[in-house]
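# Observations on the three-dimensional arrangement
Residue strings, one per chain:
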Amino acid sequence: QPTFLNENIWKKLKLPTLRKESMIFQVFGKNDNEVKEVDIVQLKVKNKNRQDIFIEAISHQNICSPITNQKFKFVKNNSVHLKDLEIVKHAEGETVPIDLLIGNDYYYSFVNGKIIKGQKDEPVALETCLGGYILSGAFIDKSKNKENFINFNSTHVLRISTEQICNDENIKSV
């Protein structure tokens, strides 16, 4: 899976196009596909040590539906293995549009390999170079004689801000 950047952020940061590529887009559950020409852009993300991570991303108008109703605090407070961890900035209970989707091509540039596991039906915490942990997996709350299911399988939500600070004229920061 490649990395995608929302077209509006691309325009806001005035990132130059490195190259154009043709890509086939297909939606789950549909048999038809669409070939589109996309812009490939480069941006940099600063890690917690202020070091730059350069990534290339496909600029696309709509990456995916916004993420809603993530219960990070609830899960953290109800999982012993997460209580003392710093979870990366996130959007508690908000609807959050996805502006940057880190694909497998750059995923391991952001996670450092440290994993903290809990019990069955609790998410794992993965340490990032951005300062904190992301959660991955399911959480089943069995309190009050009912089960509430919260899933973080693909919801590694990081809140980042865009800056138009630039040391290199061709690369902007995220």
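Refer to the structure presented above.
For clarity, every value in this text was computed on a predicted model and none was experimentally measured.

### Side note on the overall build of the protein chain
Counting secondary structure elements, the protein chain contains two helices and 10 strands. Ordered by position in the sequence, the α and β elements of the protein chain form the string β-α-β-β-β-α-β-β-β-β-β-β. Within the protein chain, buried positions represent 40% of all 174 residues. Of the roughly 10900 Å² that the protein chain leaves accessible, carbon and sulfur atoms contribute 46%.

### Quick notes on the pattern of salt bridges
Taken as a whole and judged by the stated rule, the model has six salt bridges. A salt bridge links E21 to R19; the nearest nitrogen and oxygen atoms lie 2.8 Å apart. Among the residues examined, E21 registers a relative accessible area of 31% and is labelled partly exposed. With a closest N to O distance of 3.7 Å, K44 and D52 form a salt bridge. On the basis of relative accessible area, D52 is assigned to the partly exposed category, the value being 32%.

### Remarks on the nonpolar core
L5, L15, V41, L43, I55 and F110 are the most contacted members of the largest nonpolar core, which totals 15 residues. Elements supplying a minimum of two residues to this core: α1 (7–13), β3 (33–46) and β4 (52–60). In this view, I55 contacts T3, V41, Q42, L43, V45, L100, I102, Y106 and F110; residues no more than four positions away in its chain are not counted.

### Quick word on the sheet that holds strand β6 (residues 111–116)
Strands sit in the order β6-β7-β8 across an open sheet of three strands; the sheet is antiparallel. Looking at the sheet topology across the chains shown, the edges are occupied by β6 and β8 (132–136). Put simply, the sheet's adjacent strands are angled 35 degrees from each other on average, direction ignored. By the bridge criterion, five bridges tie strand β7 (residues 124–128) to β8 in an arrangement that is antiparallel. Each bridged residue has a counterpart across the sheet, and for L126 the counterpart in β8 is I134.

### Quick word on the environment of I55
Residue position: I55 is located in strand β4. Sequence separation between I55 and V45 is 10 residues, and the spatial gap between their C-alpha atoms is 7.8 Å.

### Structural notes on the sheet that holds strand β2 (residues 17–26)
With mixed pairing, the five strands of this open sheet are ordered in space as β2-β3-β4-β1-β5. At either end of the open sheet lies a strand with only one pairing partner, and these are β2 and β5 (100–101).

### Re the layout of surface pockets
A volume near 670 Å³ is recorded for the second largest pocket. Along its surface, the second largest pocket is lined by 18 residues, and F4, F25, Q26, V27 and I63 are the ones closest to its centre. Those elements that place two or more of their residues in the lining of the second largest pocket are β2 and β3. Here the element with the most residues in the lining of the second largest pocket is β2; it accounts for four residues. By residue class, the composition of the lining of the second largest pocket is nine nonpolar, five polar and four charged.

Rules used in this analysis
- Residues numbered from 1 in each chain as written.
- Predicted model: local features only at pLDDT ≥ 70, side-chain atom pairs only at ≥ 80, totals over all residues.
- Heavy atoms only, no water.
- Helix = DSSP H or I, 4+ residues; strand = E, 2+ residues; numbered from the N terminus.
- Buried < 20%, exposed > 50% of the residue type's maximum accessible area, 1.4 Å probe, protein only.
- Areas by Shrake-Rupley, 256 points an atom, 1.4 Å probe, with all protein chains shown as cover.
- Salt bridge = Lys/Arg side-chain N within 4 Å of Asp/Glu carboxyl O.
- Core = buried A, V, L, I, M, F, W, Y, C linked by side-chain atoms within 4.5 Å.
- Contact = heavy atoms within 4.5 Å.
- Pairing = 2+ DSSP bridges.
- Axes fitted to C-alpha atoms, helices over the stretch in contact; angles between N-to-C directions.
- 1 Å grid on protein atoms, 1.4 Å probe; cavity = no way out; pocket = protein on both sides within 12 Å on 5 of 7 lines; lining within 4 Å.
- Points joined across faces, edges and corners; volume = space filled by probe spheres on them.
- Nonpolar A, V, L, I, M, F, W, Y, C, P; charged D, E, K, R; others polar.

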